[in-house]
Amino acid sequence: MWAGPRFIRGWAIEVLLFTLLIPYLVAVVDLFAHCRRRRIPLLPAVRSLRSRVAVWLFAGAAFYVLRALGAWPSGEPRPPSPASRAAGDWPVLALILLAAIAFAGWLLARQRLAPRRHVEPEEQLAAETAALIGLGVVALLVLATNPYALVFLVPALHTWVWLPQVRARQRPLAVALLVAGLAGPALIVLSLAIRFGLGFDAPWYLLELVSLGYVHVPAVAITLAGAACAAQLTAVTAHRYAPYPDRDDRPRFGPFRSLVRALVLTARARRA
């Protein structure tokens, strides 16, 4: 990289980005140790995060299945011209189908993620700890695959690590921190929208890069896992989080059987 009369080596930038992760990782390890000292169970929070990751990965798998069926554009794995018609040609029906499939996956998981009782502050702290640990793993995976992408992730890490401190006492500040952490992903969309003149077509252009194979599958999976961690932090901040229920507290039927049963009972009620 050229910086005036000097060159900055690429490895030096990677080392700098890695050093930015160290304070976050130290804080998360200390938070984990705090939970262990107070004997706060983390396993229900980890299981809840696992379900959220499964939902997001399910939506990603549905996207690739639809691509195999020809629902998305295909071609060489390179970015299409922003001025071309394909950059702004939204496949509306396919996107609606993808949204419906993702919504069905969310309904299956919601049965065990929706709050059904009062959640204690210790349980909320466990949920934030699990999500922050998950974001740390995501950051290390980004470092191993594409270190320069940490530029868009570091703001979220250093902002969201404060959520356990301000959530209980200053909820408006917690909401502001949660929104501020999205500055990195928003910068990507705004850059495509303004710099390349895509406007509101920028989100579809990103999906088109994935469908063409320009954005590889590991990067998509890592991004979806990070989105699941962000979703758990959002649920805690919005007081919509519930720890994963124990075996005795789970409904009699599983998520899929419960959904089918609800649909059948609804259909019978309408007929009656």
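Residues numbered from 1 in each chain as written. Predicted model: local features only at pLDDT ≥ 70, side-chain atom pairs only at ≥ 80, totals over all residues. Heavy atoms only, no water.

### A short note on the nonpolar core
Operational definition: Remark: nonpolar core denotes a set of buried residues (Ala, Val, Leu, Ile, Met, Phe, Trp, Tyr, Cys) joined through side-chain atoms within 4.5 Å. Think of it in three bands: residues with accessible area under 20% of the maximum for their type are buried, residues over 50% are exposed, and the middle band is partly exposed, with areas taken using a 1.4 Å probe on protein chains only. Think of it this way: any DSSP run of H or I at least four residues long counts as a helix, any run of E at least two long counts as a strand, and we number them from the N terminus. Any pair of residues with heavy atoms lying within 4.5 Å of one another is described as a contacting pair.
The biggest cluster of nonpolar side chains holds 45 residues, and the ones touching the most others in it are Leu132, Leu135, Leu150, Trp160 and Leu233. Breaking this core down by element, the ones donating at least two residues are helix H1 (10–37), helix H2 (43–68), helix H4 (121–145), helix H5 (150–160), helix H6 (163–166), helix H7 (171–180) and helix H10 (217–237). At 11 residues, H4 tops the list of elements feeding residues into this core. If we ignore the near neighbours within four places in the chain, the residues touching Leu233 are Glu128, Ala131, Leu132, Leu135, Trp160, Leu163 and Leu178. Core analysis: the next-biggest nonpolar cluster, separate from the first, contains 12 residues, Ala62, Leu66, Trp72 and Leu95 among them.

### Considering the pattern of salt bridges
Inclusion rule: For this analysis, a salt bridge means a side-chain nitrogen from Lys or Arg found within 4 Å of a carboxyl oxygen belonging to Asp or Glu.
Under the defined criterion, the tally for this structure stands at 2 salt bridges. For the salt bridge of Glu122 with Arg38, the shortest nitrogen-to-oxygen distance reads 3.7 Å. Here Glu122, found in helix H4, pairs with Arg38, found in the loop between H1 and H2; they are 84 residues apart in sequence, far enough to count as distant. Looking at Glu122, the relative accessible area reads 34%, which means it is partly exposed. Taking the relative accessible area as the measure of exposure, Arg38 reaches 47% and is therefore partly exposed. Glu123 is the partner of Arg117 in a salt bridge, and the nearest nitrogen-oxygen pair spans 2.9 Å. Residue class for Glu123 comes out partly exposed when judged on its relative accessible area of 22%.

That is the geometry; function is a separate question.
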